[in-house]
Amino acid sequence: HTLSLHDALPICFPVTIEPPSILNKVHQKAKQFNLNIISADYKWRKLRKTSQINNKNLVQYEITFPLEGGYPSIRNMVNGVMAENPNIALDSIEFEREGVTTSFCQARVTFVVFMLGNIE
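Residues numbered from 1 in each chain as written. Predicted model: local features only at pLDDT ≥ 70, side-chain atom pairs only at ≥ 80, totals over all residues. Heavy atoms only, no water.

## Digging into the packing of aromatic side chains
The line we're drawing: In this scheme Phe, Tyr and Trp rings, the latter by its six-membered ring, pair at centre separations within 6.5 Å, and the angle between planes marks the pair as stacked below 30 degrees, edge-to-face above 60, and tilted otherwise. Counting from the N terminus, the helices are DSSP H or I runs at least four residues long and the strands are E runs at least two residues long. Only protein chains enter the accessibility calculation, which uses a 1.4 Å probe. A residue is then buried if its area is under 20% of the maximum for its type, exposed if over 50%, and partly exposed in between.
Considering all chains together, one arrives at three aromatic pairs under this definition. Pairing Y42 with Y61 gives two aromatic rings, centres 5.7 Å apart and planes at 50°, and the pair type is tilted. One end of the pair, Y42, is in strand β1 (residues 41-46); the other, Y61, is in strand β2 (residues 57-70), with 19 residues separating them in the sequence. Since its relative accessible area comes to 0%, Y61 is described here as buried.

This is the structure in C-alpha coordinates:
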(Lines give C-alpha, C1' and ligand atoms only; values in the text may rest on other atoms or scores of the structure.)
Protein backbone atom coordinates (compact mmCIF):
# COMPACT_ATOMS: atom_id res chain seq x y z
CA HIS A 1 0.00 0.00 0.00
CA THR A 2 1.44 3.34 -1.05
CA LEU A 3 0.89 6.28 1.27
CA SER A 4 0.22 9.58 -0.49
CA LEU A 5 1.34 12.96 0.83
CA HIS A 6 -2.30 13.80 1.53
CA ASP A 7 -2.62 10.66 3.70
CA ALA A 8 0.62 11.44 5.54
CA LEU A 9 -0.15 15.05 6.50
CA PRO A 10 -2.49 14.34 9.44
CA ILE A 11 0.16 12.01 10.85
CA CYS A 12 3.05 14.44 10.32
CA PHE A 13 1.39 17.59 11.59
CA PRO A 14 -0.39 17.69 14.93
CA VAL A 15 -3.66 19.55 15.32
CA THR A 16 -3.20 23.01 16.82
CA ILE A 17 -1.87 22.81 20.36
CA GLU A 18 -1.68 25.49 23.01
CA PRO A 19 1.36 27.82 22.88
CA PRO A 20 2.35 27.10 26.50
CA SER A 21 2.94 23.42 25.73
CA ILE A 22 5.26 24.25 22.80
CA LEU A 23 7.14 26.81 24.86
CA ASN A 24 7.39 24.34 27.73
CA LYS A 25 9.17 21.81 25.48
CA VAL A 26 11.65 24.46 24.36
CA HIS A 27 12.25 25.64 27.96
CA GLN A 28 12.82 22.07 29.15
CA LYS A 29 15.43 21.46 26.47
CA ALA A 30 17.15 24.77 27.32
CA LYS A 31 17.32 23.79 31.01
CA GLN A 32 18.87 20.45 30.05
CA PHE A 33 21.84 22.40 28.62
CA ASN A 34 21.95 24.98 31.45
CA LEU A 35 20.46 27.74 29.30
CA ASN A 36 17.68 30.10 30.32
CA ILE A 37 15.00 31.58 28.10
CA ILE A 38 13.91 34.75 29.82
CA SER A 39 11.52 36.01 27.16
CA ALA A 40 10.00 34.80 23.90
CA ASP A 41 8.00 36.37 21.10
CA TYR A 42 5.56 34.21 19.21
CA LYS A 43 2.98 34.56 16.46
CA TRP A 44 0.63 32.44 14.36
CA ARG A 45 0.75 32.44 10.57
CA LYS A 46 -1.44 30.65 8.06
CA LEU A 47 0.58 29.33 5.13
CA ARG A 48 -0.45 30.91 1.83
CA LYS A 49 -0.58 27.82 -0.37
CA THR A 50 -1.89 24.70 1.29
CA SER A 51 -4.63 22.17 0.82
CA GLN A 52 -7.26 21.70 3.47
CA ILE A 53 -7.14 18.47 5.44
CA ASN A 54 -10.14 17.62 7.58
CA ASN A 55 -11.30 21.26 7.25
CA LYS A 56 -8.02 22.53 8.70
CA ASN A 57 -5.16 24.47 7.14
CA LEU A 58 -1.44 24.00 7.61
CA VAL A 59 -0.35 26.81 9.93
CA GLN A 60 2.93 27.83 11.44
CA TYR A 61 3.66 29.08 14.90
CA GLU A 62 6.83 31.17 15.09
CA ILE A 63 8.84 31.39 18.33
CA THR A 64 11.78 33.80 18.69
CA PHE A 65 13.90 34.05 21.83
CA PRO A 66 17.35 35.12 23.03
CA LEU A 67 19.81 32.71 24.66
CA GLU A 68 23.12 33.22 26.44
CA GLY A 69 25.70 30.52 27.05
CA GLY A 70 28.39 28.47 25.41
CA TYR A 71 28.19 27.84 21.68
CA PRO A 72 28.13 24.03 22.07
CA SER A 73 25.28 24.23 24.60
CA ILE A 74 23.18 26.47 22.34
CA ARG A 75 23.85 24.28 19.31
CA ASN A 76 23.01 21.08 21.25
CA MET A 77 19.82 22.62 22.62
CA VAL A 78 18.64 23.61 19.12
CA ASN A 79 19.50 20.17 17.73
CA GLY A 80 17.70 18.48 20.63
CA VAL A 81 14.49 20.47 20.17
CA MET A 82 14.35 19.59 16.47
CA ALA A 83 15.28 15.92 17.00
CA GLU A 84 12.50 15.40 19.56
CA ASN A 85 9.87 17.43 17.69
CA PRO A 86 9.78 16.62 13.96
CA ASN A 87 7.22 19.33 13.26
CA ILE A 88 9.63 22.04 14.51
CA ALA A 89 12.14 23.63 12.12
CA LEU A 90 14.93 26.12 12.71
CA ASP A 91 14.07 29.32 10.83
CA SER A 92 17.08 31.37 11.87
CA ILE A 93 19.85 31.63 14.43
CA GLU A 94 22.22 34.53 15.04
CA PHE A 95 25.31 34.33 17.24
CA GLU A 96 27.29 37.17 18.77
CA ARG A 97 30.26 37.10 21.12
CA GLU A 98 32.49 39.78 22.55
CA GLY A 99 35.78 38.41 21.24
CA VAL A 100 37.41 35.43 19.59
CA THR A 101 38.86 34.18 22.86
CA THR A 102 35.57 33.93 24.76
CA SER A 103 33.34 30.87 24.55
CA PHE A 104 30.32 32.72 25.99
CA CYS A 105 27.96 34.02 23.33
CA GLN A 106 24.52 35.44 22.83
CA ALA A 107 22.13 33.93 20.32
CA ARG A 108 18.75 34.81 18.86
CA VAL A 109 16.85 31.69 17.80
CA THR A 110 13.67 31.43 15.73
CA PHE A 111 11.82 28.12 15.52
CA VAL A 112 8.79 27.47 13.34
CA VAL A 113 6.25 24.87 14.48
CA PHE A 114 4.03 23.40 11.74
CA MET A 115 0.57 22.05 12.61
CA LEU A 116 -3.00 21.82 11.37
CA GLY A 117 -5.39 24.48 12.60
CA ASN A 118 -7.75 27.30 11.79
CA ILE A 119 -6.09 30.67 12.26
CA GLU A 120 -8.18 33.69 11.26
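Back to the text.
## Notes on helix α3 (residues 71-84)
The condition that has to hold: A helix is expected to span 1.5 Å multiplied by its residue count minus one. When we speak of the arc, we mean the arc of directions from the helix axis to the C-beta atoms.
Spanning 14 residues, α3 covers 20 Å between terminal C-alpha atoms, matching the ideal 20 Å at 1.5 Å per step. Here α3 has its buried residues at I74, M77, V78, G80 and V81. Buried positions in α3, seen along its axis, are confined to an arc of 160° and lie on one side of it.

## Some points on the environment of R97
Which entries qualify depends on this criterion: Should any heavy atoms of two residues lie within 4.5 Å, those residues are considered in contact. Polar contacts here mean pairs of N or O atoms no more than 3.5 Å apart (in protein, one a potential hydrogen donor and the other a potential acceptor; neighbouring residues in sequence count only if both atoms are side-chain atoms).
Tracing the backbone through its elements, the reader meets R97 in the loop between β3 (88-96) and β4 (104-117). Separated by 26 residues in sequence, R97 and Y71 have C-alpha atoms that sit 9.5 Å apart. Those residues in contact with R97 that lie beyond four places of it in its chain are T102, F104 and C105. Among the polar contacts made by the side chain of R97, one reaches the main-chain carbonyl oxygen of T102 at a distance of 3.2 Å.

## Considerations on the pattern of salt bridges
What counts, and what does not: A side-chain nitrogen of Lys or Arg and a carboxyl oxygen of Asp or Glu constitute a salt bridge if their distance falls within 4 Å.
Under the definition given, this model contains two salt bridges. With a closest N to O distance of 2.6 Å, E84 and K29 form a salt bridge. Of this pair, E84 sits in helix α3 while K29 sits in helix α2 (residues 19-32); the two residues are 55 residues apart in sequence, bridging distant segments of the chain. A relative accessible area of 7% means that K29 is categorised as buried.

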